[in-house]
2 protein chains.
Amino acid sequence: LMRRILILAEGKFSKAESKTANCVIRYLPRNVAGVIDSTRAGKTAQEVLGFGGTIPVVGSLREGLALRPTELLIGIAPRGGEIPAAWRRDIEAALRAGVDVANGLHAFLSDDARLVKAAKAGGTRIRDLRKYESPLRLPKAKPPRRKAKVVLTVGTDCNVGKMTAAWELVEALKRRGKRAAFVATGQTGIYLAGWGVPVDAVKSDFVAGAVEEAVSRAANRAEYVVVEGQGTIHHPAYSGVALGILHGARPDALLLCHETGRSHVAGYPSRRIPPLRQIICMHEDAARWVRPAKVRAVALNRMRLTRGEAAEAALSAARKDSRLPVHDPVTRKGADALARIFSGK
Amino acid sequence: LMRRILILAEGKFSKAESKTANCVIRYLPRNVAGVIDSTRAGKTAQEVLGFGGTIPVVGSLREGLALRPTELLIGIAPRGGEIPAAWRRDIEAALRAGVDVANGLHAFLSDDARLVKAAKAGGTRIRDLRKYESPLRLPKAKPPRRKAKVVLTVGTDCNVGKMTAAWELVEALKRRGKRAAFVATGQTGIYLAGWGVPVDAVKSDFVAGAVEEAVSRAANRAEYVVVEGQGTIHHPAYSGVALGILHGARPDALLLCHETGRSHVAGYPSRRIPPLRQIICMHEDAARWVRPAKVRAVALNRMRLTRGEAAEAALSAARKDSRLPVHDPVTRKGADALARIFSGK
């Protein structure tokens, strides 16, 4: 039975707002049955995102169930963080109708007795991607020896393409014949890879320990380990998460991810994003506090640029600002160039 | 009924290892009935710590209960992090005997059905100081305006005296007639103050938001808010916790805490503690990523120095290294000097 994913992105299916939906459409396109967003019903993913082909957008969970999905993915955060009662009713119906549910929110569906009962009745499964029991694990006193080279994607803000860059870098390294492993640290990466650590849901004391353990596991079976970063170290809300990953992963090299056109931290209109060169220094300084690592390249997200000319100019501008190689990881050429940089000479 | 605290510090009651026990003895000496540590039974707190007077050390929970405590405080972490079965049996007996239990460990006693039942039977209460439900709260998009001046204690390592320095600074500010409030971020501070945020047990996404909220609450009723820091930003395990507090508290000034004689990060023998001047720069750099703040003074912990001469020389050495005023906050003179620095022109 082929996996058919129905993605809930109600009111938010767009280039900028539905990160999880967009990544799943990009990397599992043949497995996506449809997207629910009543405000864009009738369109295709291609029309909304510029990729994703004929994947249909439907107006309700009911219409979505008609696409015969095997699982429903809750990929966006509702306003206010709490799951609305209407969603719960639909999720319950899906579970009873034989559809598994995967949920990336901080609020867990498996804490809801009604939904657990529905899953039992439907013979279905609830997967809370951010559920994590926080074992009392700290980084080892003596850092583990690794043969693998570890690359961490860091960013100028949230939602600029750290997961995408990491994923594409792994794929490009594999194309070069390297054994490369992806370490997921967020809901979308965990959903795509099937494993990982939801660091933003880990008790803060144990972030670095959890990341170290995941990196060690990946390093045992790969020459290159690419770790998905989260947030950024200058983010008013998430700086601690980002620093915990940086120090827990102990990377050998950093890939800085940026989206052209971002000037302020999303959600924090008074926080300007510093110039690329400054962000590079900040990360190299912070890495050095525990273990030195250099930013070797910039991955540029040009998703919101449409004209070819502007997209080309964006690369040059970022090269000038960062004084580093800059590539767009979602182009084959860009990902291959990044793989060359991170795999040596 | 006077509060009488029995402190469990089995095998670890000492200047260096029983932080929680030592702070409670220092700040609530008249409320401490005794300390349990079979390896030091028969001694007094004074003999072990150099303060604490005639508070007795006893060899078992049973002997401790003979001191007629009203509450039992589990103030140390057992080896391995898990609560040993023998402790659980004793805790159960205490709860049944009418003694409340306060627990600062990451493992919660209120998750143990046997203990919950015992508390019900004994009419007693279990307080898990690190229990925190992580509301989905982020720092506000527009930072709240505060009239209070906010000071954060940061450190060169864990367990160097950040809580003590913060507590003593608040007391000294009060002696100067200022309205000063203490914001606890760890188990001991929360136990002493009766409120606070156990940041190391908060889901990493919400550390900064939780700290911002606690600081705002304190700032509404004080001219000076002193926030207890945790860990340090160069700690291999806890750097994320420290940075989350730094960015969430948005302090106006920093007080760097150090213990004379520390050369390496506790538990990480390969991690040298950088020179004071360098740690000052690191903190000022990291603060600037979100909001600039300067380190204004150093609080020096000389607990393990005994000879008066060495203790005096330690202050001068730290002054030279930090190029800042250095004071010992557990001396009246030192705390008053710090209060002058942070309250004045």
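Residues numbered from 1 in each chain as written. Chains lettered and ligands numbered in written order. Predicted model: local features only at pLDDT ≥ 70, side-chain atom pairs only at ≥ 80, totals over all residues. Heavy atoms only, no water.

A. The overall build of chain A, seen in detail. Scanning chain A for helices and strands turns up 12 helices and 12 strands. Taking 2.2 N^0.38 as the reference for a compact globule, 345 residues should give roughly 20 Å; the C-alpha atoms of chain A span a radius of gyration of 20 Å, in line with that estimate. Dimensions of chain A, computed from the C-alpha atoms along their principal axes, are close to 55 × 50 × 45 Å. Looking at the 345 residues of chain A, the share that counts as buried comes to 59%. Of the contacts made within chain A by residues no fewer than 6 positions apart, 72% connect residues no fewer than 24 positions apart. Carbon and sulfur atoms make up 50% of the accessible area of chain A, which amounts to about 14,300 Å² in all. When the 57 basic and 32 acidic side-chain charges of chain A are each reduced to a single mean position, those positions are 5 Å apart. (Helix = DSSP H or I, 4+ residues; strand = E, 2+ residues; numbered from the N terminus. Rg over C-alpha atoms; globule rule 2.2 N^0.38 Å. Buried < 20%, exposed > 50% of the residue type's maximum accessible area, 1.4 Å probe, protein only. Contact = heavy atoms within 4.5 Å. Areas by Shrake-Rupley, 256 points an atom, 1.4 Å probe, with all protein chains shown as cover. Lys, Arg positive; Asp, Glu negative; His and termini not counted. Charge placed at Lys NZ, Arg CZ, Asp CG, Glu CD.)

B. The side chain of His283(A), seen in detail. Residue and element names in this part refer to chain A. Structurally, histidine 283 is set in helix α10 (residues 276–288). You can call histidine 283 buried: its relative accessible area is 2%. From its side chain, histidine 283 meets the backbone oxygen of isoleucine 279 in a polar contact 2.9 Å long. Filtering out sequence-adjacent residues up to four positions away, histidine 283 remains in contact with Val154, Gly155, Thr232, Ile233, Leu246, Leu254 and Val295. (Polar contact = N/O pair within 3.5 Å; in protein donor to acceptor, adjacent residues only side chain to side chain.)

C. Up close: the interface of chain B and chain A. Every contact between the two is made by 43 residues of chain B and, on the other side, 43 residues of chain A. Between chain B and chain A, roughly 3,400 Å² of surface is buried when both sides are summed, and carbon and sulfur atoms account for 56% of that area. Our enumeration of links across chain B and chain A arrives at 0 salt bridges. Run the count over chain B and chain A and you get 18 residue pairs in polar contact (both at pLDDT 80 or more). (Buried area = accessible area lost by both parts, 1.4 Å probe. Salt bridge = Lys/Arg side-chain N within 4 Å of Asp/Glu carboxyl O.)

D. Broad picture of the environment of Ala237(A). Assignment of secondary structure puts Ala237(A) in the loop between β9 (224–227) and α9 (239–249). For Ala237(A), a relative accessible area of 4% translates into the label buried. Separated by 34 residues in sequence, Ala237(A) and Lys203(A) place their C-alpha atoms 15 Å apart. Setting aside residues no more than four positions away along its own chain, Ala237(A) makes contact with Tyr268(A), Leu138(B), Pro139(B), Asp205(B) and Ala208(B).

E. Up close: the packing of aromatic side chains. All told, the structure shown has 5 aromatic pairs over all chains when counted by the stated rule. Between Tyr27(A) and Trp167(A) the ring centres are 5.5 Å apart and the planes differ by 35 degrees, which places this aromatic pair in the tilted class. Placement of the pair is Tyr27(A) in helix α1 (residues 19–27) and Trp167(A) in helix α6 (residues 162–175), with a sequence separation of 140 residues. The exposure class of Tyr27(A) is buried, given its relative accessible area of 17%. Residue Trp167(A) is classed as buried on the basis of its relative accessible area, which comes to 17%. Arg3(B) extends its terminal NZ or CZ atom over the ring of Tyr191(B), reaching a point 5.1 Å from the ring centre. (Phe/Tyr/Trp six-rings, centres within 6.5 Å; stacked < 30°, edge-to-face > 60°. Lys NZ or Arg CZ within 6 Å of the ring centre and 35° of its normal.)

F. Seen up close, the sheet that holds strand β2 (residues 32–36) of chain A. All names here are of chain A. Reading across from one edge, β3-β2-β1-β4-β5-β6 is the order of the 6 strands in this open sheet, with parallel pairing throughout. Pairing within the sheet leaves two strands with one partner each, and these edge strands are β3 (57–58) and β6 (126–128). Summarising the sheet, strand β1 (residues 5–8) and strand β4 (residues 71–74) pair through 4 bridges and their orientation is parallel. For leucine 8, the partnering residue across the bridge sits in β4 and is isoleucine 74. Sheet strands in contact with helix α4 (residues 85–96) are β1, β4, β5 (100–103) and β6, and its direction is about 155 degrees off that of β4. (Pairing = 2+ DSSP bridges. Axes fitted to C-alpha atoms, helices over the stretch in contact; angles between N-to-C directions.)

G. Inspection of the relation of the copies chain B and chain A at higher detail. Expressed as a screw operation, the relation of chain B to chain A combines 0.0 Å of axial shift with a rotation of 180 degrees, fitting to an RMSD of 0.1 Å. Considering both components of the superposition, the chain copies are consistent with a two-fold axis. (Least-squares fit on C-alpha atoms with pLDDT ≥ 70 in both.)

H. Region of interest: the confidence of the model for chain A. Across chain A, the average pLDDT comes to 95, with 99% of residues at or above 70. Per the prediction output, this complex has pTM 0.95; the corresponding ipTM is 0.95. (pLDDT = per-residue confidence, 0-100.)

I. The arrangement of the sheet that holds strand β10 (residues 253–259) of chain B in detail. All names here are of chain B. Within the open sheet, the 6 strands sit side by side as β8-β9-β7-β10-β11-β12. Their pairing is parallel. With one partner strand each, in any of the chains shown, β8 (180–183) and β12 (326–327) form the two edges of the open sheet. Across 7 bridges, the pairing between β10 and strand β11 (residues 294–301) is parallel. Bridge assignment links glutamate 259 to a residue of β11, and that residue is asparagine 301.

J. Seen up close, the side chain of Asn301(A). Assignment of secondary structure puts Asn301(A) in strand β11 (residues 294–301). A residue is classified by how much of its surface remains accessible, and Asn301(A), at 18% relative accessible area, is buried.

K. Region of interest: the environment of Val199(A). Relative to the helices and strands, Val199(A) is located in the loop between α7 (187–193) and α8 (207–219). When near neighbours in sequence (up to four residues on either side) are disregarded, Val199(A) contacts Thr185(A), Val207(A), Val211(A), Gln230(A), Val241(A), Ile245(A) and Ser204(B).

L. Molecular detail of unusual backbone geometry. For Arg323(A), which is not a glycine, the phi torsion comes out positive at approximately 55 degrees. Tracing the backbone through its elements, the reader meets Arg323(A) in the loop between α11 (308–322) and β12 (326–327).

M. Just the packing of helix α8 (residues 207–219) of chain B against helix α9 (residues 239–249) of chain B, in detail. Residues and elements named next belong to chain B. Contact geometry of α8 with α9 gives a least axis separation of 8 Å together with a crossing angle of 45 degrees. One element, α8, and the other, α9, form an angle in the oblique class. Along this stretch, α8 crosses α9, giving a crossing that reads as right-handed. Counted together, Val207, Ala208, Val211, Glu212 and Val215 of α8 and Val241, Gly244, Ile245, Gly248 and Ala249 of α9 form the full contact between these two elements. Of the residues assigned to the contact of α8 with α9, the class counts are 7 nonpolar, 2 polar and 1 charged. (Parallel < 35°, antiparallel > 145°, perpendicular 65-115°, else oblique. Left-handed = near helix turned anticlockwise from the far one by under 90°. Nonpolar A, V, L, I, M, F, W, Y, C, P; charged D, E, K, R; others polar.)

N. Representation of the packing of helix α4 (residues 85–96) of chain B against helix α5 (residues 113–122) of chain B in the model. All names here are of chain B. Interaxial distance between α4 and α5 falls to 7 Å at its minimum, and their mutual angle equals 20 degrees. When the axis of α4 is compared with that of α5, the two are roughly parallel. Facing Arg88, Ile91, Glu92, Leu95 and Arg96 of α4, the residues of α5 in contact are Arg114, Leu115, Ala118, Ala119, Ala121 and Gly122. Among the residues forming the contact of α4 with α5, the class breakdown is 6 nonpolar, 1 polar and 4 charged.

O. Region of the structure containing the pattern of salt bridges. Residues and elements named next belong to chain A. Counted according to the given criterion, the structure contains 38 salt bridges over all chains. Between aspartate 111 and lysine 131 there is a salt bridge, with its nearest N and O atoms 3.2 Å apart. One end of the pair, aspartate 111, is in the loop between β5 and α5 (113–122); the other, lysine 131, is in the loop between β6 and β7 (149–155), with 20 residues separating them in the sequence. Note on aspartate 111: relative accessible area 57%, which makes it exposed.

P. The arrangement of the pairing of strand β8 (residues 180–183) of chain A in detail. Residues and elements named next belong to chain A. What you see with β8 is no split at all: Ala180 and Phe182 on one side and Ala181 and Val183 on the other are buried throughout. Pairing of β8 with β9, which is carried by 4 bridges, proceeds in the parallel orientation. Note that in β9 the partner of alanine 181 across the bridge is valine 225.

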